[in-house]
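Remarks on the overall topology
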Amino acid sequence: MARRINVGPGRALLLVYAVFALSASVRAGYQLVTKFSEAPLAYLLSALAAAIYVVATVALARGGETARRVALVACSIELIGVLAVGALSYAQPEDFPDATVWSHFGQGYGFIPVVLPVLGLIWLVRAGRSTD
Amino acid sequence: MIDALGYGIIAAALALAVWGYVAAALDRPPGRALFAGAWVVAGLVVVQALIAVARIIGGADVDVALFAGYILTAVVLEPAAVYLARLEPTRWGSVILASGGLVLAPLTLRLLQIWRLGDG
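All figures in this text were calculated on a predicted structure; none of them were measured in a lab. (Residues numbered from 1 in each chain as written. Chains lettered and ligands numbered in written order. Predicted model: local features only at pLDDT ≥ 70, side-chain atom pairs only at ≥ 80, totals over all residues. Heavy atoms only, no water.)

1. Concerning the overall build of chain B
A count of helices and strands for chain B gives 4 helices and 0 strands. Ordered by position from the N terminus, the helices and strands of chain B form the series α-α-α-α. Its C-alpha atoms give chain B a radius of gyration of 15 Å, within 12% of the compact-globule value 14 Å for 120 residues. The principal-axis extents of the C-alpha atoms in chain B amount to approximately 50 × 20 × 20 Å. Residue burial in chain B is summarised as follows: out of 120 residues, 48% are buried. Total accessible area on chain B stands at roughly 5,500 Å², and carbon and sulfur atoms take up 71% of it. (Helix = DSSP H or I, 4+ residues; strand = E, 2+ residues; numbered from the N terminus. Rg over C-alpha atoms; globule rule 2.2 N^0.38 Å. Buried < 20%, exposed > 50% of the residue type's maximum accessible area, 1.4 Å probe, protein only. Areas by Shrake-Rupley, 256 points an atom, 1.4 Å probe, with all protein chains shown as cover.)

2. Remarks on the packing of aromatic side chains
Considering all chains together, one arrives at 6 aromatic pairs over all chains under this definition. The interplanar angle of 35° and the centroid separation of 6.0 Å between the aromatic rings of A:Tyr90 and A:Phe105 together place this pair among those described as tilted. Taken together, the residues span a long stretch of sequence, with A:Tyr90 in helix α3 (residues 65-91) and A:Phe105 in the loop between α3 and α4 (112-129) at a distance of 15 residues. A residue is classified by how much of its surface remains accessible, and A:Phe105, at 24% relative accessible area, is partly exposed. Aromatic pair B:Phe67 and B:Trp115: ring centres 5.1 Å apart, planes at 55°, arrangement tilted. Linking B:Phe67 in helix α3 (residues 64-87) with B:Trp115 in helix α4 (residues 91-119), this pair joins segments that are 48 residues apart in sequence. With respect to class, B:Phe67 is no different from B:Trp115; both count as buried. Across from the ring centre of B:Phe35, 4.1 Å away, lies the NZ or CZ of B:Arg86, which sits over that ring. Here the basic side chain of B:Arg91 rests over the ring of B:Trp92, its NZ or CZ set 5.8 Å away from the ring centre. (Phe/Tyr/Trp six-rings, centres within 6.5 Å; stacked < 30°, edge-to-face > 60°. Lys NZ or Arg CZ within 6 Å of the ring centre and 35° of its normal.)

3. Here we look at the interface of chain B and chain A
With 22 residues of chain B in contact, the opposing surface of chain A contributes 19 residues. Taken together, the two surfaces of chain B and chain A that pack against each other cover about 1,800 Å², and 78% of this comes from carbon and sulfur. Run the count over chain B and chain A and you get 1 salt bridge. In this structure, A:Arg11 engages B:Glu88 in a salt bridge whose closest nitrogen and oxygen atoms are separated by 2.4 Å. The interface formed by chain B and chain A contains 5 residue pairs in polar contact (both at pLDDT 80 or more). Elements represented by at least two residues in the side of chain B that touches chain A include exactly α3 and α4 of chain B. The greatest single-element share of the side of chain B that touches chain A, amounting to 11 residues, is contributed by α3(B). Residues that form the side of chain B that touches chain A fall into these classes: 15 nonpolar, 4 polar and 3 charged. (Contact = heavy atoms within 4.5 Å. Buried area = accessible area lost by both parts, 1.4 Å probe. Salt bridge = Lys/Arg side-chain N within 4 Å of Asp/Glu carboxyl O. Polar contact = N/O pair within 3.5 Å; in protein donor to acceptor, adjacent residues only side chain to side chain. Nonpolar A, V, L, I, M, F, W, Y, C, P; charged D, E, K, R; others polar.)

4. A few points about the pattern of salt bridges
Residue and element names in this part refer to chain A. Across all of its chains, the model carries 5 salt bridges over all chains by this definition. The salt bridge involving Arg68 is made with Glu65; its shortest N-O contact spans 3.0 Å. With Arg68 and Glu65 both in helix α3 and 3 residues apart, this pair spans about one turn of that helix. Judged by its relative accessible area of 10%, Arg68 is buried.

In structure tokens, the structure reads:
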């Protein structure tokens, strides 16, 4: 029997994910509405990032085994996203004229965006293995 | 926004983060003092938000939609951290309060940047 993911470390992750879900959604919504044509790729990635944070937040709050699997997928996509966008924003800055939450590995947010999915995956895998 | 208050919030949030992580490392649940620290930081954020709203009403040139979204996030952050930490009377409660401070610091820095863009 796997542990529920919405206790202990899971609650700390829930707080941080909720904050990122809220702020990333606000930012993505604002970018898409006011200046989508300026940098469509960057803003669509912003919206994707926001959606993933929302999914991960809801999954961490619910806490069952299904939620754990959903959160695993969300954190995996998040990690791939932050690494890909982080690398591309250095390699091809012209494609990212405006920052997204994942640009430069989340430098604008104290690099929390690149650390968060790693901590999330560690917790979700451990909770899945645990038998208490 | 007042720059000095903004930097004060960042310093207080980082101090709260260090305090919370030290408490967690010592395997301590959050005590009264740590909760009080979180409420002090929450109060400073509310004061900053009220000053910002007053200045926007007074005609400060700032991107209101974006700023409002971020300041709303900042205002609810510490109360949310306190709520979750109360549900978690273990070392992880201390981690929750510490993490709230750790996230509030860059968020406040972003708010200062957005505010200055408007002024420029």
